[in-house]
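# Coordinate analysis (summary)
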Amino acid sequence: MRHALDEAAQAASAGEVPVGAVVLGPDGALLATGRNEREATDDPTAHAEVLALRRAAAALGSWRLTGCTLVVTLEPCTMCAGALVQSRVARVVYGARDEKAGAVGSLWDVVRDRRLNHRPEVIHGVLEDRCAGLLTAFFRER
């Protein structure tokens, strides 16, 4: 999570909502990183999670991220939760809950929907106060 927090801090420095993500391989090695880049790229899909998943898939040479873990500072939204299911990650670890748009247990629970073909393990609340504090400080300044 500390690597994801570093990515989130870099996003904040660039004027982006401070969300950072990393993908760890099945062996725990760092495969890819991502941070929000929507403002910089004018791309509505440039969420930290999506960018990290794309980079991990490129590193592995496969869209199937079987056995991988995505670690992200903020609970994924519906778009990102769908991408997690589609990429077949083994687990999702997140810090702060997102009561307004969270799709991994708060508002929705896309990743554990029994109607879908894949359901990753979910671990939440990791360094939650630090993750939430970064977001609170960012929005307070705005």
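First things first, this report covers the structure right here in the doc. Here the structure is a predicted model, which is why all the values come from computation and not from measurement. (Residues numbered from 1 in each chain as written. Predicted model: local features only at pLDDT ≥ 70, side-chain atom pairs only at ≥ 80, totals over all residues. Heavy atoms only, no water.)

### Topic: the sheet that holds strand 5 (residues 121-124)
Put simply, the test is: A pair of strands is labelled paired if DSSP reports no fewer than 2 bridges between them. To qualify as a helix, a DSSP run of H or I must reach at least 4 residues; to qualify as a strand, a run of E must reach at least 2; elements of each kind are numbered from the N terminus. To get an axis, fit a line to the C-alpha atoms, keeping to the stretch in contact for a helix; angles then go from 0 to 180 degrees between the N-to-C directions.
Reading across from one edge, 2-1-3-4-5 is the order of the five strands in this open sheet, with mixed pairing throughout. In the strand order of this sheet, the two ends are held by strand 2 (30-35) and strand 5, each with one partner. Taken over all neighbouring pairs, the strand axes of this sheet differ in orientation by 15° on average, direction set aside. Taken together, the five bridges between strand 3 (residues 69-74) and strand 4 (residues 91-96) define a ladder with parallel strand orientation. Bridge pairing links L70 to V92 in strand 4.

### Here we look at the packing of aromatic side chains
Note on aromatic pairs: each is described by the distance of the centres and the angle between the planes. Applied cut-off: Stacked, edge-to-face and tilted are the three classes for Phe, Tyr and Trp ring pairs, Trp counted by its six-membered ring, which pair at centre distances within 6.5 Å; planes under 30 degrees apart are stacked, over 60 edge-to-face, the rest tilted. Think of it in three bands: with a 1.4 Å probe and only protein chains considered, a residue is buried below 20% of the maximum accessible area for its type, exposed above 50%, and partly exposed in between.
A full pass over the atoms with the stated rule returns one aromatic pair. When the centroid spacing of 5.1 Å and the interplanar angle of 85° are considered together, the rings of F138 and F139 count as edge-to-face. By relative accessible area, which is 8% here, F138 ends up buried. You can call F139 partly exposed: its relative accessible area is 47%.

### A word on the nonpolar core
To keep it simple, the criterion reads: Note on terminology: a nonpolar core comprises buried Ala, Val, Leu, Ile, Met, Phe, Trp, Tyr and Cys residues joined through side-chain atoms within 4.5 Å. Pairs of residues are marked as contacts when any of their non-hydrogen atoms sit within 4.5 Å.
Formed by 33 residues in total, the largest nonpolar core has its most connected members in M1, V23, L53, L65, L70, L84 and V111. For this core, the element with the most residues is helix 3 (residues 48-60), which contributes five residues. When sequence neighbours within four positions are dropped, the list of residues in contact with V111 reads A81, L84, V85, A103, V104, H118, R119, P120 and V122.

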